[in-house]
Amino acid sequence: MEPASYDGMPDDVLIVEDDPIIALDFEDTLLGFGVKTVRTAANVAKALDMIADRPPEFALLDVSLIREKSFAVAERLEALNIPFAFVTGYGADARLPAAFAGKPRLPKPYSTDALEALLKNRGRKP
């Protein structure tokens, strides 16, 4: 794994998002921030395969995917010590398992400033 970019951005970000328009918007925004590689998965199985193939430096996980939640992906990232944030349209009302209650959340619709800060801090509190 290569070190993060000089600007504090991760080089490789995984987006787990089932809405292709939202995924594309995230991808365009991240590339604009200087992220070198953005990979997207629309479901848990694909995301887990991508992580097994090449772990990302950071991940954005939509909580509610079609017919499933992204918590299995969060568990795998946590086991690998890879930082991630949940993305949700439910805001603070989103029901997360207790193990993930303290993880950062990015509300939908998101602000580019909030997304940029989240990436630069890798989900840690500034």
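Thresholds, definitions, all that
Residues numbered from 1 in each chain as written. Predicted model: local features only at pLDDT ≥ 70, side-chain atom pairs only at ≥ 80, totals over all residues. Heavy atoms only, no water. Salt bridge = Lys/Arg side-chain N within 4 Å of Asp/Glu carboxyl O. Helix = DSSP H or I, 4+ residues; strand = E, 2+ residues; numbered from the N terminus. Buried < 20%, exposed > 50% of the residue type's maximum accessible area, 1.4 Å probe, protein only.

A. Focus on the pattern of salt bridges. Across all of its chains, the model carries eight salt bridges by this definition. Where K108 meets E17, a salt bridge forms, and the shortest distance between an N and an O atom there is 3.1 Å. Of this pair, K108 sits in the loop between β7 (105–107) and α4 (112–121) while E17 is found in the loop between β1 (12–16) and α1 (20–33), placing the two residues 91 residues apart along the sequence. Note on K108: relative accessible area 22%, which makes it partly exposed. Between R122 and E57 there is a salt bridge, with the nearest N and O atoms lying 3.9 Å from each other. Within this pair, whereas R122 is found in the segment after α4, its partner E57 is found in the loop between α2 (44–53) and β3 (58–62), the two being separated by 65 residues in sequence. We note that R122, like E57, is buried. Overlapping salt bridges bring together D12, R39 and R54 as one network.

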